[in-house]
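Each chain, written out:
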Amino acid sequence: MKFFIDTGMVEEIKDAATWGIIDGVTTNPSLIAKTGRTQADVIKEICSIIDGPISAEVIATDTAGMLKEAEEIAKWHDNVVIKLPLTVDGIAACKGLSDLGVKTNVTLCFSPNQALLAAKAGATYISPFIGRLDDNGHDGMALIEEIRTIYDNYGYQTQILAASIRHATHVRDAALVGADVITAPHGVLKTLYKHPLTDNGLEAFLKDHANSQK
Ligand code: G3P
């Protein structure tokens, strides 16, 4: 399973890069807005920190506008992945970019049929938003499971990128149902390391070692 960090904050990305387990980065317009910087500045800096897929989202809502924006974004770095919304225009843009060999991440996916459309258009990644479905009384993880089944039924190579991850249980469950990638905020990724028995065990080992040296 690949681990992406979902943030525009370069300090968080620099910190996560030291952990040795980060494969890529996802951003969205809301995350970029929080930085107070331009998307171009943020993405270029992220590309200098992490050597892996870095998703940058288009703002245009029509296919021609998305393709024009994607052409500019793709110039920033070879690792940039063009993030497109799951709309009729977004899927058409995805098909156009896929045919050119440009990597894409189709975002704002909330149904199995939407994921099927993205795969048919050759998307590199599909981003189902687990947390937002849960927030609205649906079962986000069931969506990941259904997409896994559909993609496996037909051999689609589009990678399932579990997004809108809110806690460690989402990560565990996404791994259990076969998501290819998870993208999570810095804070959630840090909680994956934590277990009280690890902390207690380490404390005891260090104490016993120190006592044995006396
Ligand atoms: O980047 C897309 C997604 O991960 C956003 O998550 O927490 O805003 O629903 P959230």
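An account of the accompanying structure is given in this report. What you see is a predicted model; the values in this text were computed from it and never measured.

## Topic: the sheet that holds strand β4 (residues 80–85)
At step 1: With parallel pairing, the 8 strands of this closed barrel are ordered in space as β1-β2-β3-β4-β5-β6-β7-β8. Direction aside, the axes of adjacent strands within the sheet are offset by 30° on average.
At step 2: Sheet analysis places strand β7 (residues 159–162) next to strand β8 (residues 181–184), joined by 2 bridges and oriented parallel. When the sheet's bridge partners are listed, A162 is paired in β8 with I182.
At step 3: Here helix α3 (residues 39–49) sits on the sheet in contact with β2 (24–26), β3 (54–57) and β4, set at roughly 175° to β3.
At step 4: Of the strands in this sheet, β4 and β5 (104–109) touch helix α5 (residues 88–99), which is tilted by about 155° from β4.

## Some words on the packing of aromatic side chains
Here the distance between the centres and the angle between the planes together describe a pair of aromatic rings.
At step 1: Under the criterion given, the structure shown has 5 aromatic pairs.
At step 2: Plain terms: the ring middles of F110 and F129 are 5.6 Å apart, the flat faces sit at 65° to each other, and that makes the pair edge-to-face. With F110 in the loop between β5 and α6 (112–120) and F129 in the loop between β6 (125–128) and α7 (130–135), the pair connects residues that are 19 residues apart, well separated along the chain.
At step 3: What makes F110 partly exposed here is its relative accessible area of 33%.
At step 4: When the centroid spacing of 6.1 Å and the interplanar angle of 40° are considered together, the rings of Y154 and Y156 count as tilted.
At step 5: Overall, the relative accessible area of 22% leaves Y156 in the partly exposed class.
At step 6: An aromatic cluster of at least three residues, connected via ring pairs, comprises Y151, Y154 and Y156.

## Here we look at the packing of helix α1 (residues 10–17) against α3
At step 1: Taken N-terminus to C-terminus, the directions of α1 and α3 make an angle of 10°; their axes are 10 Å apart at the nearest point. On the basis of the axis angle, α1 is roughly parallel to α3. Touching V10, I13, K14 and A17 of α1 are E45, I46 and I49, all from α3.
At step 2: Taken together, the residues that form the contact of α1 with α3 break down as 5 nonpolar, no polar and 2 charged.

## Re the site of the ligand
At step 1: Neighbouring the ligand are D6, N28, K83, F129, R132, A163, S164 and R166.
At step 2: K83 is positioned such that a nitrogen or oxygen atom in its side chain is 3.4 Å from an oxygen atom of the ligand.
At step 3: For the ligand, the accessible surface in isolation is 310 Å², of which the surrounding protein chains cover 83%.
At step 4: If you map the ligand onto the pockets, it falls in the largest pocket.
At step 5: The class makeup of the residues in the shell around the ligand is 2 nonpolar, 2 polar and 4 charged.

## So, the pairing of β6
At step 1: Where burial is concerned, the two faces of β6 agree: the one with Y125 and S127 and the one with I126 and P128 are both buried.
At step 2: Read as a crossover between parallel neighbours, the route from β5 over α6 to β6 is right-handed.
At step 3: Where β6 lies against β7, 2 bridges are found, and the strand directions are parallel. Directly across from I126, in β7, lies its bridge partner I160.

What counts and how
Residues numbered from 1 in each chain as written. Predicted model: local features only at pLDDT ≥ 70, side-chain atom pairs only at ≥ 80, totals over all residues. Heavy atoms only, no water. Pairing = 2+ DSSP bridges. Helix = DSSP H or I, 4+ residues; strand = E, 2+ residues; numbered from the N terminus. Axes fitted to C-alpha atoms, helices over the stretch in contact; angles between N-to-C directions. Contact = heavy atoms within 4.5 Å. Phe/Tyr/Trp six-rings, centres within 6.5 Å; stacked < 30°, edge-to-face > 60°. Buried < 20%, exposed > 50% of the residue type's maximum accessible area, 1.4 Å probe, protein only. Parallel < 35°, antiparallel > 145°, perpendicular 65-115°, else oblique. Nonpolar A, V, L, I, M, F, W, Y, C, P; charged D, E, K, R; others polar. Near = heavy atom within 4 Å. Polar contact = N/O pair within 3.5 Å; in protein donor to acceptor, adjacent residues only side chain to side chain. Areas by Shrake-Rupley, 256 points an atom, 1.4 Å probe, with all protein chains shown as cover. 1 Å grid on protein atoms, 1.4 Å probe; cavity = no way out; pocket = protein on both sides within 12 Å on 5 of 7 lines; lining within 4 Å. Sits in = over half its atoms within 2 Å of the grid points. Right-handed = clockwise from strand over helix to strand, strands pointing away.

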